[in-house]
Amino acid sequence: MTRKILVLPGDGIGPEITAQASRILAACQAHGLDVEVEEGLVGGSAYDEHGEPLPAVTLDKAKAADAILLGAVGGPKWDKLEDLTKRPEKGLLGLRKNLGLFGNLRPAITYPQLASASSLKSELVAGLDIMIVRELTGGIYFGQPRGIEVRNGERVGFNTYIYSESEIERIGRVAFEMAQKRGKRLCSVDKANVLEVTILWREVMERLAPEYPDVELSHMYVDNAAMQLVRAPKQFDVMVTGNMFGDILSDAAAMLTGSIGMLPSASLNESGQGMYEPCHGSAPDIAGQNVANPLATILSVAMLLRYSLGEAALAERIEAAVGKVLDDGLRTADIASEGTRTVSTSEMGDAVLRAFDAI
Ligand code: NAD
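None of these values were measured; they are calculated from a predicted model.

Observations regarding the pairing of strand β9 (residues 216–221)
- Relative to β9, strand β8 (residues 185–190) is paired through six bridges, and the arrangement is parallel. Of the residues in β9, the one forming a bridge with Ser188 is His219.

What about the side chain of Gln20?
- Along the polypeptide, Gln20 turns up in helix α1 (residues 14–30).
- Classification of Gln20 as buried rests on a relative accessible area of 8%.
- Reaching out from Gln20, the side chain makes a polar contact with the side chain of Arg23 at a distance of 2.7 Å.
- Among all residues touching Gln20, those that are not within four sequence positions of it are Pro294, Ile298, Thr345, Ser346, Gly349 and Asp350.

Quick notes on the site of the ligand
- Surveying the vicinity of the ligand reveals 17 residues, the closest of which are Val73, Gly281, Ala283, Asp285 and Asn293.
- Taking Ala283, its main chain carries an N or O atom lying 2.8 Å from an oxygen atom of the ligand.
- Residue Asp285 places a side-chain N or O atom 2.9 Å away from an oxygen atom belonging to the ligand.
- For the shell around the ligand, a count of residues per class yields eight nonpolar, six polar and three charged.

Some points on the layout of surface pockets
- Its boundaries defined by the atoms lining it, the largest pocket holds a volume of some 820 Å³.
- Lining of the largest pocket is provided by 33 residues; of these, Leu92, Leu93, Arg96, Leu136 and Glu277 occupy positions nearest its centre.
- No other element matches helix α5 (residues 88–99), which puts eight residues into the lining of the largest pocket.
- Its residues placed into classes, the lining of the largest pocket shows 13 nonpolar, 11 polar and nine charged.
- Looking at which domains feed residues into the lining of the largest pocket, each of domain 1 (1–102 + 269–359) and domain 2 (105–266) supplies at least three.

Reading guide: rules and limits
- Residues numbered from 1 in each chain as written.
- Predicted model: local features only at pLDDT ≥ 70, side-chain atom pairs only at ≥ 80, totals over all residues.
- Heavy atoms only, no water.
- Pairing = 2+ DSSP bridges.
- Helix = DSSP H or I, 4+ residues; strand = E, 2+ residues; numbered from the N terminus.
- Buried < 20%, exposed > 50% of the residue type's maximum accessible area, 1.4 Å probe, protein only.
- Polar contact = N/O pair within 3.5 Å; in protein donor to acceptor, adjacent residues only side chain to side chain.
- Contact = heavy atoms within 4.5 Å.
- Near = heavy atom within 4 Å.
- Nonpolar A, V, L, I, M, F, W, Y, C, P; charged D, E, K, R; others polar.
- 1 Å grid on protein atoms, 1.4 Å probe; cavity = no way out; pocket = protein on both sides within 12 Å on 5 of 7 lines; lining within 4 Å.
- Points joined across faces, edges and corners; volume = space filled by probe spheres on them.
- Domains from an automatic or database assignment.

This is how it looks when you write it as structure tokens:
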């Protein structure tokens, strides 16, 4: 059955980097991948055309797709829009909400060739390969009640940190299954010494564990997890945590790798439909210059193939092609170092394609 992929280039460098990723998708089609690829507008570019960051036509295409590849949204052109519901990032949030994308996968991988780019000593990060599984649609970012109001003559701000058992179980299963496919170790991060909601979190993780006897489950308080991530990050295989802790820990882990231009991500819903995007933003400072690093977006294609289309062999082939290009010393400006050759966005795309075809 032909599967559908929707490509949403977005704003800023989005169109440049997704153009390179689309070339890789086309190469996969040439190697037998049966997919139909469509494009659509989201973010500022959609606002310019349709007056909405997530037009109905885009949402309809997204719902019908097996997987979505997104570049990035946002930029100074739209920062002053007074109607906040029209801001580019509302396009992204709307996609997450409408598609129920509750499971965010954030790999932090340090390619040995780039280990010197990390702020940590090379030996601490060379070969690092962590997968952070973050709950994306619940927790304190969405909990009710919330607000700012006057109490006893002064203003108070308040939010609600809430998770139901079913929400915890759903993300827990994603994480256990992920650990089964990787190093079979899962660290659940909570603050169960202080917060009741994470006492329940820990209980549910413990309850699930016997169903995954091949996975070794451990627990860590979030403050210790932050410390361990910068002390000895290679101890981790898969980490699972709630929305807020995951937001912070996944950015910290991303920085261990030293290069935001290299990091893909995935957000999945219950039916395996997913949205795949680089972790970085639309980089307006370098947009239109053909200098942006397209590798995070190309590696997002690999995640898309693996997690939404079940095409692990093609995914590995893309990842190997990226490794080969790095071995050959090719770098976009953001990851360039002494002794390497700086190439443009499109030259990097050319090189990955050549390596992909040669494998
Ligand atoms: P950013 O990630 O866009 O850029 C931060 C820095 O990293 C910039 O110097 C940029 O040039 C560089 N950079 C980012 N990606 C790069 C790449 N692929 N190759 C080379 N260099 C790269 O973050 P920002 O500057 O805080 O935000 C810029 C815009 O992006 C804002 O409008 C913001 O709202 C938006 N944004 C969007 C997303 C998303 O679409 N998921 C995420 C974060 C920020």
